[in-house]
Amino acid sequence: MKVRDLHEWPSTPEEAEAIQDRLRPLLHLDVPGPTTPRTVAGLDVSYAGDGTGARLAAAVVVLDATTLEVIEESVATGTATFPYLPGLFAFRELPTLLAALNDLTTTPDLLVCDGFGVAHPRRFGLACHLGVLTDLPTIGVGKTAFIGTHTDPGPRRGDTSPLLDEDETIGRVLRTQHNVRPVFVSVGHRTDLDTACRNVLDLTPRYRLPETTRRADRLSRDALAG
């Protein structure tokens, strides 16, 4: 599939923040998202070690959105060339993730990232960055909150509460299974929050995390162990 080349890779935090600020106006937020996607891709990265130079594997798994069967897989390995800094984590993962995406023959209708979209200090997390570079509908599903405040949603599957940064809604806290810890859903690009949450529920028929995330995580871990 095609990925747009919109910037050079930064070497300093200041350069990385400037890229986020420059690309943020390219986002399309609160537009109707794909309500019945045919194909959905999950993206995840696993690491062997910490710090700059750590070996990593980026995986993309494309699923049939109805059956959740695997249609295509792609994995790329590399090293982390950018330090781990809150709010700039995408710059560690994107080069290798983009290599995996470039090898896909399928263009998914929706990308689901293990991370955040606008629930980010500069409103430009990994899901936003990937959305702009691919121009595909993209959402972020985080395991824990990064920024913002929230109250716990109700205990039932589908219960939600807003994720807030002061008075701004930056995402939604979603209970995907009865009496399990919720996930944190935020919009990345070309979708709205209601549709994003419905898609996440469709991708979590049995477990807390979306099948897209679970299978991409397994593929990336297997690539590092191989």
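Small disclaimer: the values here were computed from a predicted structure and weren't measured.

Novice: Is there a simple way to explain the sheet that holds strand β4 (residues 110–113) in this structure?
Specialist: Strand pairing in a sheet relies on backbone hydrogen bonds. The paired strands run either parallel or antiparallel. Pairing is mixed in the open sheet, where eight strands are placed in the order β3-β2-β1-β4-β5-β8-β7-β6. The sheet is open, and its two borders are formed by β3 (70–79) and β6 (160–165), each paired with just one other strand. Strand after strand, the sheet turns through a mean of 25° between neighbouring axes, direction not considered. In the sheet, strand β7 (residues 168–174) pairs with strand β8 (residues 183–189) via three bridges, with the strands oriented antiparallel.

Novice: I tried to follow helix α1 (residues 13–23) on my own but got confused; where do I start?
Specialist: Residues spaced three or four apart along an α-helix face the same direction, because each turn holds 3.6 residues. What α1 keeps buried is the set Ala 16, Ile 19, Gln 20 and Leu 23. Projected down its long axis, α1 shows its buried positions confined to an angular sector of 100°, all on one face.

Novice: Honestly, the UniProt feature "binding site: Mg(2+)" (unreviewed entry) in the protein in this entry has me stumped. Any pointers?
Specialist: In the numbering used here, UniProt assigns the feature "binding site: Mg(2+)" (unreviewed entry) to Asp 44 and Asp 114. For the residues just named, distributed over 71 residues, the greatest C-alpha separation is only 5.9 Å, placing them together at one site. Mapped onto the elements of the fold, Asp 44 is located in strand β1 (residues 39–48). Look past the residues within four positions of Asp 44 in its chain and what remains in contact with it is Ala 57, Ala 58, Ala 59, Leu 97, Asp 114, Thr 213, Ala 216, Asp 217 and Ser 220. Inspection of the secondary structure puts Asp 114 in the loop between β4 and α3 (126–134). For Asp 114, the contacting residues outside a window of four places in its chain are Leu 43, Asp 44, Leu 126, Val 141, Lys 143 and Thr 213.

Novice: Help me understand the nonpolar core in this model?
Specialist: The tendency in soluble globular proteins is for nonpolar side chains to be buried as a group. The biggest cluster of nonpolar side chains holds 25 residues, and the ones touching the most others in it are Leu 43, Val 60, Leu 97, Leu 98, Leu 101, Leu 126 and Leu 130. Those elements that provide at least two residues to this core are β1, β2 (55–64), α2 (90–102), β4 and α3. Take this core: its biggest share by element is six residues, from α2. Residues within four places of Leu 97 in sequence aside, it is in contact with Leu 43, Asp 44, Val 45, Ala 58, Ala 59, Leu 126 and Leu 130. By size, the runner-up hydrophobic cluster in this structure holds 23 residues, among which are Val 40, Val 183, Leu 209 and Leu 219.

Novice: Whenever I open this one, the pattern of salt bridges confuses me. Can you help?
Specialist: Charged atoms that come close allow side chains of opposite charge to pair. Counted under the stated rule, the structure contains ten salt bridges. Asp 194 is paired through a salt bridge with Arg 172; the nearest N and O atoms lie 2.8 Å apart. Taken together, the positions of Asp 194 in helix α4 (residues 193–202) and Arg 172 in strand β7 put the pair 22 residues apart, joining distant regions of the chain. Judged by relative accessible area, which is 41%, Asp 194 ranks as partly exposed.

Novice: So what exactly am I meant to see when it comes to the side chain of His 120 here?
Specialist: You can see His 120 is positioned in the loop between β4 and α3. Residue His 120 is classed as buried on the basis of its relative accessible area of 3%. Sequence-distant contacts of His 120, that is, excluding residues within four places in its chain, are made with Gln 20, Gly 87, Gly 125, Phe 146 and Ile 147.

Novice: Teacher, can you tell me more about the side chain of Thr 134 here?
Specialist: Structurally, the position occupied by Thr 134 is in helix α3. Classification of Thr 134 by relative accessible area gives buried; the value is 9%. Here Leu 136 takes part through its backbone nitrogen, which lies 3.3 Å from a polar atom of the side chain of Thr 134. Sequence-distant contacts of Thr 134, defined by excluding residues within four places in its chain, comprise Met 1, Lys 2, Val 3, Leu 101 and Leu 111.

Procedures and definitions
- Residues numbered from 1 in each chain as written.
- Predicted model: local features only at pLDDT ≥ 70, side-chain atom pairs only at ≥ 80, totals over all residues.
- Heavy atoms only, no water.
- Pairing = 2+ DSSP bridges.
- Helix = DSSP H or I, 4+ residues; strand = E, 2+ residues; numbered from the N terminus.
- Axes fitted to C-alpha atoms, helices over the stretch in contact; angles between N-to-C directions.
- Buried < 20%, exposed > 50% of the residue type's maximum accessible area, 1.4 Å probe, protein only.
- Arc of directions from axis to C-beta.
- UniProt positions renumbered as here; feature names shortened; annotations may be inferred.
- Contact = heavy atoms within 4.5 Å.
- Core = buried A, V, L, I, M, F, W, Y, C linked by side-chain atoms within 4.5 Å.
- Salt bridge = Lys/Arg side-chain N within 4 Å of Asp/Glu carboxyl O.
- Polar contact = N/O pair within 3.5 Å; in protein donor to acceptor, adjacent residues only side chain to side chain.

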